[in-house]
Amino acid sequence: DQQVKQNSPSLSVQEGRISILNCDYTNSMFDYFLWYKKYPAEGPTFLISISSIKDKNEDGRFTVFLNKSAKHLSLHIVPSQPGDSAVYFCAATPGGRGTYKYIFGTGTRLKVLA
Amino acid sequence: KAGVTQTPRYLIKTRGQQVTLSCSPISGHRSVSWYQQTPGQGLQFLFEYFSETQRNKGNFPGRFSGRQFSNSRSEMNVSTLELGDSALYLCASSVDGDTEAFFGQGTRLTVV
């Protein structure tokens, strides 16, 4: 049972445009959500997170939106850069920020075209 | 500050053997968690240790085990290896409750 789903395995975006990566979850106990980026032959790198008490969190070019009623979150990257090309994983966890049992989606491969 | 260090980076083992993977967390981090990444299943949580105690466990068979030492370094062990255990094994460390998890580069295990 996939509790965290990323339904788009891949996404291509032109440099300078917006990239929108989507993630759906089924478990209403999840209360903390994260996005990680992964380059080949490297471990995942933390990007941005959001608590369930918020609906938006921004960090530079990255913004995460959370819609609890729809059990949906999205990551917006504006403007997209070629260096953003990587696999993006969303993750969720119950028990708040200090709970390290992350449930990951299967990832979306983003390709930013120059 | 050094990152999370996993050794070895690559490993080839035969079915039926056992294997031990090592993880050294970032200095000061006391929580260590382990994940298995495969093409079909993505990143799956194995277990988490804090202060030498297993705090959370994923849905893996008992062949998968781990431990944490007093210096926070952690090892995971897989016994009676199966072909399906071929995967990238990732370790992550955290300052408990204060930060997100930081991942190492992983150990690529191939079972032949």
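Worth saying up front: this structure is predicted, and the values here are computed from it rather than measured.

Caption draft 1: Highlighting the overall build of chain A. Scanning chain A from N- to C-terminus turns up zero helices and 11 strands. Counting helices and strands in the order they occur from the N terminus, chain A gives β-β-β-β-β-β-β-β-β-β-β. In summary, chain A has a C-alpha radius of gyration of 13 Å against a globular reference of 13 Å for 114 residues, a match within 12%. The principal-axis extents of the C-alpha atoms in chain A amount to approximately 40 × 30 × 25 Å. Residues classed as buried in chain A amount to 45% of the 114 residues present. Across chain A, every contact between residues at least 6 apart in sequence was considered, and the portion connecting residues at least 24 apart equals 55%. A total of about 5,400 Å² of accessible surface is found on chain A, and carbon and sulfur atoms cover 49% of it.

Caption draft 2: Molecular detail of the sheet that holds strand β6 (residues 56-59) of chain A. All names here are of chain A. Read from one edge of the open sheet, five strands run β1-β3-β8-β7-β6, paired in antiparallel fashion. Both outer strands of the open sheet, β1 (4-5) and β6, are each paired with one neighbouring strand and no more. Here six bridges tie strand β7 (residues 62-67) to strand β8 (residues 72-77), and the two strands are oriented antiparallel to one another. Across the sheet, the residue bridging to V64 is L75, located in β8.

Caption draft 3: Structural view of the interface of chain B and chain A. With 24 residues of chain B at the contact, the number on the chain A side is 18 residues. Both sides together, the interface formed by chain B and chain A hides about 1,700 Å², and carbon and sulfur atoms give 55% of it. Sorting the residues of chain B by area buried against chain A places L43, E100 and F103 of chain B first, and these three jointly supply 35% of that buried surface. Joining chain B to chain A, the criterion identifies zero salt bridges. Broken down by secondary-structure element, the contributors of at least two residues to the side of chain B that touches chain A are β4 (31-38), β5 (42-50), β6 (53-57) and β9 (87-94) of chain B. No other element matches the four residues that β4 of chain B contributes to the side of chain B that touches chain A. Taken together, the residues of the side of chain B that touches chain A break down into eight nonpolar, nine polar and seven charged.

Caption draft 4: The sheet that holds strand β3 (residues 19-24) of chain B, seen in detail. Residue and element names in this part refer to chain B. Pairing within the open sheet is antiparallel, and its four strands lie in the order β1-β3-β8-β7. Each end of this open sheet is capped by a strand with a single partner; those strands are β1 (5-7) and β7 (64-68). The average undirected angle you get between the axes of adjacent strands in this sheet is 20°. Of the pairings in the sheet, the one linking β3 to strand β8 (residues 74-78) comprises five bridges and is antiparallel in character. Note on β8: the bridge partner recorded for S22 is E75.

Reading the values: rules and limits
- Residues numbered from 1 in each chain as written.
- Chains lettered and ligands numbered in written order.
- Predicted model: local features only at pLDDT ≥ 70, side-chain atom pairs only at ≥ 80, totals over all residues.
- Heavy atoms only, no water.
- Helix = DSSP H or I, 4+ residues; strand = E, 2+ residues; numbered from the N terminus.
- Rg over C-alpha atoms; globule rule 2.2 N^0.38 Å.
- Buried < 20%, exposed > 50% of the residue type's maximum accessible area, 1.4 Å probe, protein only.
- Contact = heavy atoms within 4.5 Å.
- Areas by Shrake-Rupley, 256 points an atom, 1.4 Å probe, with all protein chains shown as cover.
- Pairing = 2+ DSSP bridges.
- Buried area = accessible area lost by both parts, 1.4 Å probe.
- Salt bridge = Lys/Arg side-chain N within 4 Å of Asp/Glu carboxyl O.
- Nonpolar A, V, L, I, M, F, W, Y, C, P; charged D, E, K, R; others polar.
- Axes fitted to C-alpha atoms, helices over the stretch in contact; angles between N-to-C directions.

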